[in-house]
Structure formats: structure tokens, C-alpha cells
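Breakdown of the fold
These are the residues of each chain, in order.
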Amino acid sequence: MSKSAQKLRPPKPPSSSEAKPLRGAIATKLLPQTRFGGPIPWVIAILIALVVVAAAGGLALRNLAENARADLSGALTVQIVDANPETRTAQTQAAVRVLSNTPMVTSVRAVSEEELTAMLEPWLGAGASSGDVPIPALIDVELDRQATAQEITRLQSNLEQTAPNARVDAQSEWLRPVYNALAALQYLALVLIALVAFATSAAVWLAARNSLASQQETVEIMHLLGGTDAQVTGIFQRSMLRDAAFGGLVGLALGALAVWFLGQQFTALESGMVAGGGLRWIDWLILAAVPIFGIVLALITGRITIAIALKSML
Amino acid sequence: MNEGASEIVKFDNVGLRYGTDPEVLSDLSFTLFPGSFYFLTGASGAGKTSLLKLLYLAQRPSRGAIQMFGKDIITMPRARLPDFRRRLGVVFQDFRLVQHLSAFDNVALPLRLAGAKEADVVKPVSDMLEWVGLSHRAQARPATMSGGEQQRVAIARAVIDRPKMLIADEPTGNVDPEMALKLLRLFEALNKRVGTTVVVATHDVHLLKKVPESLIMRLNKGQLSDPTGALRYPPRPSGGKPTPTTTKAKAKVSSKASAKPRKNTVKGPKG
């Protein structure tokens, strides 16, 4: 044994209040990393991708409903339902006059016979006319605001005096079932997100427990050498942060790819209503924040799991 | 501090059982004093390791009271235990090295857990590894080391932080006689020069004779035999320290050595 080794001056042991969380390479060394070979980062990636798709669906439905409401809330359709073409034409003209003199109405347009024929062509075939099949006359009415039920009833009464066969349809009313369906789909998306968040927590809980079980010997040694729960929890959190960050980024990429692909498919439909369901830049920001919420959720779940497990140890 | 403030450990009627099994330790009442050197002997199954577990705070007793450094350990919240564990150095019978850490990192672990800066870790650990003859194996993992080498790493880890009490369970069981003597001298040096209280559990009766100033604690079927009264509490009225008159090893306690650590420098065994 060399003389230089005969005098040892180990550092003075700090008090417990000075025990700090282990960081950097030391913490990494204490808990061997698995190079993402384990299933948990990939499970998190899949769950985050599902959340991104569900959130994108919910946001798109919200946009679609908002756009539809904005377009239709200030609009009415007046139908003149009369089998006799002459009476129908006379009542249509009378209705246009009444509507034009109504204060809340901003524009009135009687839909032409040609337009009606073109609209009905897919169902009635080419060349069908109101002479063959009685077709109601339509009047598009735009209002300066959304009409209340009482205002629509009053308008109906006014019209009936000059055009007895006139029927007033508030477009927002006949679209109410569609709005309800969209709202239900949005709630479904929220429920899906909540369920996937729960599944993510459960996966992290299992992973944290497995990780703790596989490293129990190291944890016990740390405790027996004076390691604190905070130090032990800290090194596990580092590992969980790494797994969750990897899973979150991969999940975001997969989810965004799926959303983009679905967006392309819906755009190809060229449907006016579906076109209103596109994602805005703020929606993409919300989707980009999904992995951050996932990582925070994983860290909180992991910390609580480890803390509870450590309390059962002396 | 309580009555008999000078004691480092005080057991009062302590019993330990695992689950519903019979007690493995019964009615243990004794005190350990700062700067003393104790050998714990007894046949296999006598309860040596269980007693050591109580001493290094890996186990709570089923009954009785334990004070350590003047504080009641039984009612102490577990959040405060790390502070006390950091005052202890432990050589486990099965070494309990962290398998994925190098010898260097294993020895450095107590310092790092205590919050030492990395700059304050390298030299003491290197010196300690040199002391136990393992400088050339600093980066070796335990799995690639012999039993004797692992034991020396475990001992280096136990003493690196200058513990107030060193607890060693069969610390020389896997090393050759020459290394066993060296390690025993290291314990003696810690005991005499730093004032560390040393408790060594051993089967080796020859080892007892190597430390003439040691006290002998004998366990027999979970009960402590203390024929000299050296361990009892309160101590004899003649003085504050136990003065055992005889053991097989002619144990003798130097009250001066017990009362004050002599230096903060540990001198290693020659050779």
C-alpha cells in the first residue's frame, strides 16, 4: 500500500438538508437506460397519436359547426307549396314583396326554375319540370341577425295574408339535428381523449412499478447508503421523462401525419360543409401541445407511483 | 440529549420477529459507545445479521426502544432516516454493490448521495481504491471482480464518508488472511484516528485476537450474552464508559480513545 494512500481526506459529509437530487451522468448511470427497446415509449407514442387524431377530429367538428352556424344562422328559406304553377308564381311574387318590406331582411332572392331543375336533376333526371312534378318555389332570404322563434312566427303570419301557401323554414332549425350530431361527436372526441389519457397514466404506472421492481436492489442500496426518496424518485423521473418525450414526439408525428392524410381525403370530397371543418393554425398549435400534456401527465403519474412504492420501503 | 448522552446506540428490551415467526432477537438491552470497537459473534442463525440490520436501519424492531445518536429511531419519521444512515458505514455480507456501476462509482456513491461536488469525489475515491489495492480495477464492474475484490470495494464504500459508526457483516470472509489483516487494520485506524465506532460481525475467532481493545458481543439464539457487563445500560457507576475486564480477546476499552476522535486523518495499515 503506497504512502500517498495512507492519508485520506474524504470530503466532510454534508447534512441531510444538503443532499441534492442526483443529476447528469451520475443519475443516468444509476438507472441503466434501455435505448427505447422497451415497449413503453412506443405505447406512449401510439396513445399520443390517438389523442392527436381525436383532438384534431374534435377541433375540425367544432370548426365545421361554427362555420355552418355562421353561414346559416341569419338565413331563411320560404317555400311556396302549390301544385298550380300560376298560383305558385303569383304567391311567390307576393311573398317577395312582403319579405322585401320586412325590416330585418337584408336580401330576398327567388330561386329560378332553372336552378331548381338543376338541383333536382340527380333525383328526377334531366328534363324534369314543375309541369311534370309539382315542385315548390323557393325564396332565399338573408337576415341581419338570427331570427327568434317569435319573429319567424310573425313573418309566417304576414306571408300567409298574401301567400297562403308560403312556409318559412329557418335553416338553422332544420340543421339542428346536424348540429346536435356534431356536438355529440365533439363530446365523443373529448371522452376518447380522456380515456386515452387514462390509458397513458395506466401504462406509465405499470412501467414505473416494473422499473422500480427491476431496480429494487439499487434503490435499497441507495436508501441504505443514505439516499433520500427525492433522490430515488429523481433518477426514475429522468428515465420517465426520456421515454415520455420520445413517445410524445413520435406520437405527434404519427398523429399529425394521419390528420394531414385525412384532411386530404375530406378536401377531395369538395363538399361545402366539410370544407368548413379545416384546421386553423391555432388548432395545429393545440395539437402540437398534446405531447407536452402527455409528458407532464407521465411525469406526475410516475412521480406519484414511485413515491407510493417507496413509502412501503423502510 | 437524553440520559447517557455519550452512547451512540442504545437498545432497550428490543425484540425482532419476521411476520408471525418466533422472535429471532429477544430482550436485547445494550449500549455502544463512540470510539469503541465491538466484535459480534455467534453461531449461524444466532441473529447476528438481524441485529446488524437493526443497527444499520434496514429493519424496525417488533418491540422495545432504540436510540441512535441520542434520537429515538423507532418513532422517527422515515424521511429523517437518510440523515442517520449517512452517519453509518455498512459492509454487507453479500456486499450489495450496484452491479451496473464501476468499482469507482460504487465507492463514490455515498459521497454523491450526500451531495458532494464531483470535484470533491475523485481524489478520495481514487485514494481509497488505492488503499484497498484496487486502483487498477477502478473501472471494473462487480460481476468481473473476484469475491475478495468485491469485498474490498464494499469496505471502501463503507469507510469513504468517514462514518461515525462502521457496521461490517463478515467483512473478511472472502479475502485471504493477509488482506483480512490489512482490512482489520483499516478498521482499527478508523476507530482510533477518526473515532469511528466499529461493529464487526464475524465467525473468525482468530480475528478477535487481532484487536486487543475490542469488546465482544455474543449472540446465542437471539439473546445477547454480556458476561462482563460491558454493554449494559446504564453503565457501571465507576465511570461513564464500560470497562470490560476480560474476554477471550482480552478486550479493553481505552476511555480516552473512546471519548475523542484523535485526528481526522486515517492512516492505513502498513504494507
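**Here we look at the overall build of chain A**
When helices and strands are tallied, chain A shows 11 helices and five strands. The long-range fraction of contacts in chain A, counting pairs at least 24 apart against all pairs at least 6 apart in sequence, stands at 87%.

**Notes on the environment of A:Leu249**
Residue and element names in this part refer to chain A. By the element assignment, Leu 249 lies in helix 9 (residues 229-267). Owing to 17 C-beta atoms within 10 Å, Leu 249 belongs among the partly exposed residues under this scheme. Between the C-alpha atoms of Leu 249 and Ala 45, which are 204 residues apart in sequence, the distance is 7.3 Å.

**Observations regarding the nonpolar core**
By size, the foremost hydrophobic cluster in this structure holds 129 residues, and its most contacted members are A:Val51, A:Val52, A:Ala55, B:Val107 and B:Ile167. Here this core takes 21 residues from helix 2 (residues 40-72) of chain A, the largest share from any one element. Discounting residues that sit within four places of it in the chain, A:Ala55 has contacts with A:Ala189, A:Ile193, A:Ile286, A:Leu287 and A:Val290.

**Things to note about the environment of B:Val198**
All names here are of chain B. Summarising the element assignment, Val 198 is placed in strand 8 (residues 197-201). The class for Val 198 is buried, based on 26 C-beta atoms found within 10 Å. For the pair Val 198 and Leu 88, spaced 110 residues apart in sequence, the C-alpha to C-alpha distance is 9.9 Å. Excluding residues that lie within four positions of it along the chain, Val 198 makes contacts with Phe 37, Tyr 38, Leu 166, Phe 187, Leu 190 and Asn 191.

**Some words on the sheet that holds strand 5 (residues 71-72) of chain B**
Residue and element names in this part refer to chain B. If you trace the four strands from one edge of the open sheet to the other, you get 2-1-4-5, paired in antiparallel fashion. Whereas interior strands pair on both sides, the edge strands pair on one side only; in this sheet they are strand 2 (23-32) and strand 5. Contacting strand 1 (9-17), strand 2 and strand 4 (63-68), helix 1 (residues 48-55) runs over the sheet at an angle of about 125° to strand 1.

Parameters at a glance
- Residues numbered from 1 in each chain as written.
- Chains lettered and ligands numbered in written order.
- Predicted model: local features only at pLDDT ≥ 70, side-chain atom pairs only at ≥ 80, totals over all residues.
- Helix = DSSP H or I, 4+ residues; strand = E, 2+ residues; numbered from the N terminus.
- Contact = placed C-beta atoms within 7 Å.
- Buried ≥ 20, exposed ≤ 12 C-beta atoms within 10 Å, placed from the backbone.
- Core = buried A, V, L, I, M, F, W, Y, C linked by C-beta atoms within 7 Å.
- Pairing = 2+ DSSP bridges.
- Axes fitted to C-alpha atoms, helices over the stretch in contact; angles between N-to-C directions.

So, to be careful, I would describe these as geometric facts and stop short of saying anything about function.
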